[in-house]
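Residues per chain are reported as follows:
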Amino acid sequence: MGLAPSAAALVTNGRLLRAPESAPLSADDVALAELLESRARAGTIRELVGGHTFTHLDNPDDLTADFYSQVVATASLQVAHHQQAVAKDQRNNRLEQTLSEMLLGNKSMVAVPGSNPLIELEALLDPLSPLAQKMSSILLFLSDRLGASVKVFLNPYRSHEEMPLKNYYRYAVPAVGRDELRPEVQFLRAPTNKVLTMAMEVPDAWLVEAVEAVHDLDNINLAALGDAKEVRAVYELEALLVTGHCSEVRGRRPPRGVQLTLGAEGAAPVAGTIVMSNLGYFQLQATPGVWQLSLKPGSSAAMYTIASSRSLRDTDNSLVGDLAGENEPTHTQVTMMDFGGANIRLTLRRRAGMEKADVLELEPGATEAMLPEESSLWGRALSFFKDGKQPKEDKAPAVPEAQVNIFSVASGHLYER
């Protein structure tokens with residue numbers, strides 16, 4: 001029965017009742033258990049078994065105590081299952097009754113009538129939740145597009161320790177009756193004494209940028225705009241991101257500093273990047289279509305070949321496959337058939353004789369013909385990624401003119417958006 005040593009339990013009608021260690025069984029407990037069992041199950045079982053004649057038995061001698069014990073145990077099990085099902089139905093009925101009482105009331109309900117009586121949408125939302133911010137626009141869109149009647153029942157929390165919402169949110173959906181898919185949103189009655197920031201919440205694979213904006217969208221102060229007090233911006237989807245993780249076959253180490261390019265077959269690359277030392281992450285920008293992900297000619301292609309590549313997305317709308325007919329491929333095919341981007345697991349294999357070579361350094365075995373002309377400058381720049389090593393600084397000739405130092409800062413989506 002799975003009882004621990006010195007544990008106490010009571011068996012009644014085939015049911016095991018465990019006693020807590022802190023309160024051992026007493027005579028009163030046994031009497032109470034007998035009373036409850038008799039009212040809940042034993043009485044029903046007595047009526048079922050006692051009133052049955054068992055006419056299918058040819059020999060009356062088969063009606064033994066062991067036979068009745070098996071019959072009672074079976075009946076007890078069936079009665080217990082039936083009572084559990086009935087109790088579950090009663091709980092569901094109580095829940096439905098509670099919801100019905102709340103839904104029938106109109107004090108916490110927002111109704112939007114529709115033109116199609118066959119479609120009714122009902123939603124139970126916390127009005128001060130991020131989900132309600134999104135669902136309100138989606139429900140209105142379905143009401144306009146499908147003619148559905150919408151009922152939103154408000155179910156807020158009783159109390160909050162802090163402000164549950166810290167932003168103004170609009171979900172951009174296409175307007176009904178317009179040919180172009182250019183949704184618009186408006187923020188009316190925004191506070192004028194606060195500094196606001198306008199931003200887009202888009203899928204991770206989207207690169208969306210503001211293409212028309214007169215004002216600084218990161219620091220919007222409506223009070224400083226004069227009488228207009230209006231800020232307008234137009235956003236566009238500039239590109240989709242092809243991301244992934246790269247590692248070597250041996251040791252699964254990230255080949256930091258390896259250069260990758262993305263382009264159409266037989267055409268110049270449209271994007272390029274380097275593999276980071278942090279988990280071998282890389283990122284490129286593209287559009288839906290068929291592309292070739294390649295090792296950049298030079299030290300990367302001279303030192304590595306592509307061993308395998310596969311898509312890490314849950315859907316099959318982005319396909320990754322090696323190009324057939326190559327013994328030591330330096331490129332693989334990436335197909336994006338939707339706007340979900342691509343996430344790739346890329347595995348590289350070192351060429352023979354390159355087991356101890358470092359792609360960030362110009363190896364003696366690699367000739368200048370194998371590397372691009374700017375490889376030495378690129379190698380000096382990439383040497384910043386090496387641990388504990390800094391590029392050698394060339395001594396600049398002394399000039400009397402003042403020097404101008406130019407710095408660039410990269411920020412945004414992950415590391416090179």
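Our structure is the block above this text.
Below or above, wherever it landed, is the structure these notes cover. These numbers were taken from a predicted model, which means no experiment stands behind them. (Residues numbered from 1 in each chain as written. Predicted model: local features only at pLDDT ≥ 70, side-chain atom pairs only at ≥ 80, totals over all residues. Heavy atoms only, no water.)

### Some words on the sheet that holds strand β3 (residues 109-112)
Across a sheet, strands are paired by hydrogen bonds formed along the backbone, either parallel or antiparallel in direction. To keep it simple, the criterion reads: Any two strands between which DSSP finds at least two bridges are classified as paired. A run of H or I in DSSP becomes a helix once it reaches four residues, and a run of E becomes a strand once it reaches two; helices and strands are each numbered from the N terminus. Here an angle of 0 to 180 degrees is reported between the N-to-C directions of two axes, which are lines fitted to C-alpha atoms, with helices fitted over the stretch in contact.
If you walk across this open sheet you meet the 3 strands as β3-β5-β4, and the pairing is mixed. Edge positions in the sheet fall to β3 and β4 (120-125), since each has one partner strand and no second. In this sheet, neighbouring strand axes are inclined to one another by 15° on average, regardless of whether the strands run parallel or antiparallel. Across 4 bridges, the pairing between β3 and strand β5 (residues 149-154) is antiparallel. Its bridge partner lying in β5, Val110 is registered against Val152.

### Concerning the nonpolar core
For clarity, the cut-off: As used here, the term nonpolar core means buried Ala, Val, Leu, Ile, Met, Phe, Trp, Tyr and Cys residues forming a set that is joined through side-chain atoms within 4.5 Å. Buried, partly exposed and exposed residues are distinguished by accessible area as a fraction of the type maximum, computed with a 1.4 Å probe on protein chains only: under 20%, between the cut-offs, and over 50%, respectively. Contact between two residues is taken to exist if any of their heavy atoms lie within 4.5 Å; hydrogens are not considered.
Of all hydrophobic cores here, the largest spans 27 residues; its most connected members are Phe282 and Leu293. Where this core is concerned, the elements lending two or more residues are β9 (233-248), β10 (259-263), β12 (281-286), β13 (289-295), α4 (299-303), β14 (304-311), β16 (331-336) and β17 (342-350). Among all residues touching Leu293, those that are not within four sequence positions of it are Leu260, Thr261, Leu262, Phe282, Leu284, Ile306, Thr330, His331, Thr332, Val334, Ile344 and Leu346. With 6 residues, the next largest nonpolar core counts Ala123, Leu125, Ala132 and Val152 among its residues.

### Side note on unusual backbone geometry
Of note in the backbone geometry, Arg189 takes a positive phi value of approximately 55° without being a glycine. With respect to the secondary-structure elements, Arg189 resides in the loop between β5 and β6 (195-196).

### Focus: helix α3 (residues 130-146)
Stated formally: By this rule the span expected of a helix is its residue count minus one, scaled by 1.5 Å. This arc corresponds to the set of directions leading from the helix axis out to the C-beta atoms.
Between its terminal C-alpha atoms α3 stretches 24 Å, which fits the 24 Å expected from 17 residues at 1.5 Å a residue. Turning to α3, its buried residues are Ala132, Gln133, Ser137, Leu139 and Ser143. For α3, the buried positions fall inside an angular range of 160° around the axis, keeping them on one side. In this fold, the buried residues of α3 make contact with β3, β4 and β5.

### Notes on the layout of surface pockets
Convention followed: Using a grid of 1 Å spacing that covers the protein atoms alone, one calls a set of points a cavity when a 1.4 Å probe fits there but cannot get out, and a pocket when the set is open and has protein on both sides within 12 Å along at least five of seven lines; lining residues are those with an atom within 4 Å of a point. Grid points are joined across faces, edges and corners, and a volume is the space filled by probe spheres set on the points.
Of the volumes computed, that of the largest pocket is approximately 2,100 Å³. The wall of the largest pocket is formed by 42 residues, among which Val185, Phe187, Met198, Met200 and Tyr235 lie closest to the centre. Contributing elements (two or more residues each) for the lining of the largest pocket: β7 (206-213) and β9. Ranked by the residues each element gives to the lining of the largest pocket, the list is headed by β9, at 5 residues.

### Here we look at a nonpolar patch on the surface
Test applied: Like-charged residues are merged into a patch within 9 Å and nonpolar side chains (Val, Leu, Ile, Met, Phe, Trp, Tyr) within 5 Å, provided each residue has over 30% relative accessible area and no salt bridge. Accessible surface is estimated by sampling points in the Shrake-Rupley manner with a 1.4 Å probe; for residues, cover comes only from the protein chains shown. Between Lys or Arg on one side and Asp or Glu on the other, a salt bridge is scored when a side-chain nitrogen of the former is within 4 Å of a carboxyl oxygen of the latter.
Taken together, the side chains of Leu3, Val11 and Leu16 present a nonpolar region at the surface, about 210 Å² in accessible area. Topologically, Leu16 is positioned in strand β2 (residues 15-18).

### Quick look at the side chain of Thr261
For Thr261, the location among the structural elements is in strand β10. The exposure class assigned to Thr261 is buried, which follows from its relative accessible area of 12%.

### A closer look at the pattern of salt bridges
Overall, the coordinates contain 5 salt bridges when judged by the stated rule. Across the salt bridge formed by Lys134 and Glu201, the nearest N and O atoms sit 3.7 Å from each other. Of this pair, Lys134 sits in helix α3 while Glu201 sits in the loop between β6 and β7, and the two are 67 residues apart along the sequence. Where Glu162 meets Lys166, a salt bridge forms, and the shortest distance between an N and an O atom there is 3.9 Å. A relative accessible area of 64% places Lys166 in the exposed class.

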